[in-house]
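Residues per chain are reported as follows:
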Amino acid sequence: MTSQPDRVVLIGVAGDSGCGKSTFLRRLADLFGEEMMTVICLDDYHSLDRKQRKEHGVTALNPAANNFDLMYEQIKALKEGNSIEKPIYNHETGMIDPPETIHPNRIVVIEGLHPMYDERVRSLLDFSVYLDIDDEVKIAWKIQRDMAERGHTYDDVMAAINSRRPDFMAYIDPQKEHADVVIQILPTRLIKDDTERKVLRVRLIQKDGVEGFEPVYLFDEGSTIDWIPCGRKLTCSYPGIRLFYGPDAYYNHSVSVLEVDGQFDRLEELIYIESHLSNTSAKYHGEMTELLLKHKDYPGSANGSGLFQVLVGLKMRAVYERLVSESASLAAKAAVN
């Protein structure tokens, strides 16, 4: 653990299980360094263990199965620079284990189903992202994984999905309205009647007017751009690649949308796309491409999800550096006075 930080920066990463949170957190660790970052899984604030949830007939997605008062008290304490005794939810046994001591760190990431559900917890966040997978893609992925790897039948998979859907729609999905950034994974428009869901259309929805956050744009800020970059500088096999950028509205918020439909054949060629993006918060030309190339094997690296996870990570670093700099300036002024 690093020395006691002067300023704890709190980041929220929300989304359903299987939506790419763990991959995104690995990308953040690449960017910040693991020693600077503490990740708290909000499953640890389940107030009911697996057996109790079954007895009460509630899922883990239901707020009734979670202790938001304790979550708020402890996350607030960490942000104020104090250590906490955090409970542990054991995913293997489904039981709640004895607590562990967590010390404040420079960056604290709270990730899970409910980072933006409770208004008090939400107010503590310095930056937030929601990972949003379209139902069609989610179902296709889950069917492929659970039937191929776990021996489940199609009916089993659909029953599991449908049993969670009401609580997901009621308690998890609405949080995306509060996120600074949403990474949305959708079916491709490049292949007619596609059912495999291997080629994806990924949108980066960036809220306008967030203090210290400048949305990434393509070519010309505020314009509407449709771009097919395939050709001499970008290798594209079937079905090709299409990029889009433009202003939009999302839950009555003004947003800037960047979109990638299709797959990249050669990640090193992304330097060509990077050269046409502005406000990336990279520290040097090529840093975005370099970060993607560092872990080609991460899921989503060949499509827009990897690209946008890296871009959001760069934005989070910029937010962190701005807040730490502001904190240091205030401390210096206070020392003078």
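In what follows, the accompanying structure is described. Note that this is a predicted model, so its numbers are computed, not measured.

### A closer look at the overall build of the protein
Along its length, the protein carries nine helices and 13 strands. Here the C-alpha radius of gyration of the protein, 21 Å, is about what a compact globule of 337 residues would show, namely 20 Å. Overall, the protein is about 65 × 55 × 35 Å in size when its C-alpha atoms are taken along their principal axes. Scored against the burial criterion, the 337 residues of the protein give a buried share of 53%. Summarising the internal contacts of the protein: among those between residues at least 6 apart in sequence, 69% fall at separations of at least 24. By element, 49% of the accessible surface of the protein is carried by carbon and sulfur atoms, the whole surface being about 15,900 Å². Across the protein, the 39 positively charged side chains and the 53 negatively charged ones have centroids separated by 2 Å.

### Section: the packing of helix H8 (residues 287-294) against helix H9 (residues 304-336)
Where H8 meets H9, the axes come as close as 10 Å, and the angle between the chain directions of the two elements is 120°. The angle between H8 and H9 falls in the class oblique. Crossing handedness for the pair H8 and H9: right-handed. Contacts from Glu287, Met288, Leu291 and Leu292 in H8 reach Gly306, Leu307, Val310, Leu311, Leu314 and Arg317 in H9. For the contact of H8 with H9, the per-class residue count stands at seven nonpolar, one polar and two charged.

### Considerations on the packing of helix H1 (residues 21-32) against H9
Look at H1 against H9: their axes get within 9 Å of each other, and the N-to-C directions meet at 45°. Classed by the angle they form, the pair H1 and H9 counts as oblique. Classified by chirality, the crossing of H9 by H1 is right-handed. Here Thr23, Phe24, Arg27, Leu28, Leu31 and Phe32 of H1 lie close against H9, whose contacting residues are Gly306, Gln309, Val310, Val312, Gly313, Leu314, Met316, Arg317 and Tyr320. Residue composition of the contact of H1 with H9, grouped by class: nine nonpolar, four polar and two charged.

### What to know about empty space enclosed by the protein
Counted under the stated rule, the structure contains three cavities of 30 Å³ or more. A volume near 60 Å³ is recorded for the largest cavity. Along its surface, the largest cavity is lined by Arg27, Leu28, Asp30, Leu31, Leu291, Gln309, Val310 and Gly313. When residues in the lining of the largest cavity are grouped by element, the largest group, four residues, is from H1. Per-class residue counts for the lining of the largest cavity are four nonpolar, two polar and two charged.

### With respect to the environment of Val137
As for its position among the elements, Val137 is in helix H5 (residues 135-149). Along the chain, Val137 and Glu196 lie 59 residues apart, while their C-alpha atoms are 8.7 Å from each other. Those residues in contact with Val137 that lie beyond four places of it in its chain are Ile185, Leu186, Pro187, Arg197 and Leu200.

### Let's talk about the environment of Gln206
For Gln206, the position within the fold is in strand E8 (residues 200-207). Each C-alpha atom, one on Gln206 and one on Val182, is 6.7 Å from the other, the two residues being 24 residues apart in sequence. The contact partners of Gln206, leaving out residues within four places of it in the chain, are Asp180, Phe213, Pro215, Val216, Ser254, Val255, Ser256 and Leu258.

### So, the packing of aromatic side chains
Applying the stated criterion to the full structure yields eight aromatic pairs. Plain terms: the ring middles of Tyr250 and Tyr251 are 4.9 Å apart, the flat faces sit at 80° to each other, and that makes the pair edge-to-face. An aromatic cluster is defined as three or more aromatic residues linked by ring pairs; in this entry it consists of Phe68, Tyr117 and Tyr171. Stacked on the ring of Tyr298, the Lys or Arg Arg26 has its end atom at 4.3 Å from the ring centre. Lys138 extends its terminal NZ or CZ atom over the ring of Phe168, reaching a point 3.9 Å from the ring centre.

Scoring rules and cut-offs
Starting from 1, residues in each chain are numbered consecutively following that chain's sequence as written. Residues qualify for local features only when their pLDDT is at least 70, as the model is predicted, and side-chain atom pairs are given and counted only at 80 or more; totals for whole chains, interfaces and linings, by contrast, use all residues. Water and hydrogen atoms play no part in the side-chain values, which are based on all heavy atoms of the structure. Secondary structure elements follow DSSP: runs of H or I no shorter than four residues count as helices, runs of E no shorter than two count as strands, and numbering proceeds from the N terminus. Each radius of gyration is computed over the set of C-alpha atoms, and the globule rule expresses the reference value as 2.2 Å times the number of residues to the power 0.38. We call a residue buried when its accessible area falls under 20% of the maximum for its residue type, exposed when it is over 50%, and partly exposed in between, using a 1.4 Å probe and counting protein chains only. Residues are treated as being in contact if the distance between any of their heavy atoms lies within 4.5 Å. Each accessible area value is a Shrake-Rupley result obtained with a 1.4 Å probe; residue values ignore everything except the protein chains displayed when judging cover. Positive residues here are Lys and Arg, negative ones are Asp and Glu, while His and the chain termini are left out of the count. Here the site of a charge means NZ on Lys, CZ on Arg, CG on Asp, or CD on Glu. Note on geometry: axes are C-alpha line fits, over the in-contact stretch for helices, and angles between N-to-C directions span 0 to 180 degrees. Reported orientations rely on four angle classes, namely roughly parallel under 35 degrees, roughly antiparallel over 145, roughly perpendicular from 65 to 115, and oblique for the rest. In this scheme, a crossing is called left-handed if the near helix is turned counterclockwise away from the far one by less than a right angle; it is called right-handed if the turn is clockwise. Note on residue categories: nonpolar means Ala, Val, Leu, Ile, Met, Phe, Trp, Tyr, Cys or Pro, charged means Asp, Glu, Lys or Arg, and polar means any other residue, Gly included. For each structure, a 1 Å grid was placed over the protein atoms alone; sets of points admitting a 1.4 Å probe that cannot get out are labelled cavities, open sets with protein on both sides within 12 Å along at least five of seven lines are labelled pockets, and lining residues have an atom within 4 Å of a point. Grid points are joined across faces, edges and corners, and a volume is the space filled by probe spheres set on the points. Working definition: a ring pair exists when centres of Phe, Tyr or Trp rings (six-membered ring for Trp) sit within 6.5 Å. Plane angles under 30 degrees give stacked, over 60 give edge-to-face, the rest tilted. Geometrically, a lysine NZ or arginine CZ counts as sitting over a ring once it is within 6 Å of the ring centre and also within 35 degrees of the ring normal.

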